[in-house]
Every structure is written in structure tokens, then in C-alpha cells.
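# Residue-level structure breakdown
Here are the chains, one letter per residue:
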Amino acid sequence: MKKAASILQNPTPNSAPPRAWQRMLSGRRLNLLDPSPVDIEIEDIAHGLARVARWNGQTTGDHAFTVAQHSLIVEQIASQQGREMSNAWKLAILLHDAPEYVIGDMISPFKSALGLDYKSFEEKLQQAIHIRFGLNPIIDPDLKKRIKDADRAAAWFEATELAGFERIEALRFFGPEPQLTKRPDVTPLDAETCKARFLKRFSELL
């Protein structure tokens, strides 16, 4: 009995390491620690993002407000701000939260608590996604600013219209109300509609 207990407590060196990959519906196996661009498919991204809820699901409406829908809105907002952009930049904006198809949407306070290791992991996956679709793995500083500004604007509308934030709270956390020529519609859509629209926009930009 003592020998058996010892074996259970101290597995042999030949024991298989913990699984670090996730199987996708496409059949791909994505290694989370060392993601390869060849294992990334847009259908998997769209399917996953259309089922990941923003704001930890704490939003009003008949459906969760998904990362796929948020991504579409961010790209729409960015296209209203500043000078014209290439389709490559618009595609990078559409895919700015693409890693969340694997790792989920963590709210900002939790990301801060996890620290730099999480950000490094997220950036590595983002670079693999960019390479897969012919985008520069290193985001241009101007593009990064546009993404950040549009992301903050989208969050402002989501927070005040869906997530229960008072306007004074939104002002504190997301800045002044964005002044846009076309206000985004943040009415939550069902997962299949989000997926279809995300794939359609991806195809248009690609």
C-alpha cells in the first residue's frame, strides 16, 4: 500500500505533460503556449467570439452582447474617425479582440490583477492571428491609437445602454461621450447572427 501511495504522489518522469492545446470545431488543435498561424481559422474565431459575452454577461437584452458584435462596432466607429484607412487596417481593427475566441473576455480589473504574463500571452496569440491573415504582427502605433479610441467609444455606449453605468460613471472610466456621425446600435444580437455578420465583414475586408 505504501508503495502504491508513493507512485500516486510522485508520477514517473514519463507522465504526459498537462494538455496545452484546445481542439476547435474546424478540427484544428491550437497550442495555447506556442500558437501557430496554421492552426488558426477564421470560422473558429467567428464562432468563438459570437459566443463570448462582454461585461461578463452583465448586460440587458434577450441575448448576451458578444465580442463579435463589439468588434464589428469598433471597426465601424474607427472608420468614422480621422483619415481613410486601408482594408488591412480595418481588418486589424475587426480582429483586435480575436484572441478572446480562445481565452475569453476578461474584464479590465481582472486583467490588471493578472499582470504582464497575461498580456504577453494575449499578444503572442494576436501576432499569430495577424500572421495567419497576412497582417503585420507588430501593430503600427497610429493604428493602435485608433483601435484604443474606437474601443473606448464602443465601451461608452455599451456601458451606458447595456451594462447599467450612469453617465457620470462612463465619463469617469471611458471619457466624454463620443461624438459620431452615426451612433452605433448596441442592441444585442443572437450568436448565429453575430457570427454571420463577422464572417461577412471579414470577407469584405480580406
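As a convention, each chain's residues are numbered from 1 in the sequence order in which they are written. Confidence filtering applies because this is a predicted model: local features only for residues at pLDDT of at least 70, side-chain atom pairs given and counted only at 80 or more, and all residues used for totals across whole chains, interfaces and linings. Side-chain measures were taken over the full set of non-hydrogen atoms in the model, leaving aside hydrogen atoms and water.

Okay, the nonpolar core next. One finds Ile 40, Ile 45, Leu 95, Tyr 101, Ile 129, Phe 133 and Phe 198 to be the most contacted residues of the largest nonpolar core, which totals 51 residues. Segments assigned H or I by DSSP are reported as helices when at least four residues long, segments assigned E as strands when at least two residues long, and all are numbered from the N terminus. Listing elements by their share of this core, those giving two or more residues are α2 (42-49), α3 (67-80), α4 (87-94), α5 (100-103), α7 (116-132), α8 (141-161), α9 (167-174) and α10 (191-205). Here this core gets 9 residues from one element, more than from any other, and that element is α8. It only takes one pair of heavy atoms within 4.5 Å for two residues to be counted as in contact. Contacts of Phe 133, omitting those with residues within four sequence positions, involve Ile 40, Glu 41, Ile 42, Ile 45, Leu 91, Leu 95, Phe 202 and Leu 206. Put simply, buried Ala, Val, Leu, Ile, Met, Phe, Trp, Tyr and Cys residues joined by side-chain atoms within 4.5 Å make one nonpolar core. Type-normalised accessible area, obtained with a 1.4 Å probe on protein chains alone, sets the label of each residue: buried when under 20%, exposed when over 50%, and partly exposed for intermediate values.

Whenever a carboxyl oxygen of Asp or Glu lies within 4 Å of a side-chain nitrogen of Lys or Arg, that contact is scored as a salt bridge. Taken as a whole and judged by the stated rule, the model has 14 salt bridges. As a salt-bridge pair, Asp 39 and Arg 28 come within 3.9 Å of each other at their nearest N and O atoms. One end of the pair, Asp 39, is in the loop between β2 (29-31) and α2; the other, Arg 28, is in the loop between β1 (21-23) and β2, with 11 residues separating them in the sequence. Take Asp 39: its relative accessible area is 18%, and that puts it in the buried class. Here Arg 51 and Glu 192 are joined by a salt bridge, their closest N and O atoms 2.5 Å apart. A residue pair is termed long-range when its members are at least 10 positions apart, and Arg 51 in the loop between α2 and α3 and Glu 192 in helix α10 qualify at 141 residues. Classification of Arg 51 by relative accessible area gives partly exposed; the value is 41%.

With that settled, the discussion passes to α10. With 15 residues, α10 should cover 21 Å at 1.5 Å per step; its first-to-last C-alpha distance of 21 Å lies within 8% of that length. Buried residues of α10: Cys 194, Lys 195, Phe 198, Phe 202 and Leu 205, and no others. One side of α10 holds all its buried residues, which, seen down the axis, span an arc of 100°. Opposite the buried face of α10, by more than 90 degrees, sit the exposed residues Lys 200 and Ser 203. Here the buried face of α10 lies against α2, α3 and α4. The backbone nitrogen of Glu 192 has a side-chain oxygen 3.2 Å away, supplied by the residue at the start of α10, namely Asp 190. Given the number of residues in a helix, its expected span is that number minus one, multiplied by 1.5 Å. Note that the arc is computed from the directions linking the helix axis to the C-beta atoms. Counted as a polar contact is a pair of N or O atoms within 3.5 Å, where, for protein atoms, one must be capable of donating a hydrogen and the other of accepting one, and residues adjacent in sequence contribute only when both atoms are in side chains.

The phi angle of most residues is negative, glycine excepted, and most peptide bonds adopt the trans form. Unusually for a residue other than glycine, Trp 55 sits at a positive phi of about 55°. The topology assignment puts Trp 55 in the loop between α2 and α3. Look at Trp 55 and you get buried, because its relative accessible area is 16%. Positive phi is not limited to glycine here, since Asn 56 has a value of about 55°. Its place among the elements puts Asn 56 in the loop between α2 and α3.

Next up on the list: the side chain of Arg 146. Take Arg 146: it is sitting in helix α8. The contact partners of Arg 146, leaving out residues within four places of it in the chain, are Gln 81, Arg 83, Glu 84, Met 85 and Trp 89.

Our next topic: the packing of α3 against α8. Helix-helix packing is characterised by the crossing angle of the two axes and by the distance between the axes. Where α3 contacts α8, the two axes come as close as 8 Å, and the packing angle between them is 120°. With respect to α8, the element α3 is oriented oblique. Where α3 crosses over α8, the handedness of that crossing is right-handed. The segment α3 lies against α8, with His 70, Ile 73, Val 74, Ile 77 and Ala 78 engaging Ile 147, Ala 150, Asp 151, Ala 153, Ala 154 and Glu 158. A per-class count over the contact of α3 with α8 returns 8 nonpolar, 1 polar and 2 charged. Lines fitted to the C-alpha atoms define the axes, with helices restricted to the stretch that makes contact. Angles between their N-to-C directions range from 0 to 180 degrees. Angle categories: roughly parallel below 35 degrees, roughly antiparallel above 145, roughly perpendicular from 65 to 115, and oblique for all the rest. Left-handed describes a crossing in which the near helix is turned anticlockwise from the far one by less than a right angle; the clockwise case is right-handed. Throughout, the ten residues Ala, Val, Leu, Ile, Met, Phe, Trp, Tyr, Cys and Pro are labelled nonpolar, Asp, Glu, Lys and Arg are labelled charged, and all others, Gly among them, are labelled polar.

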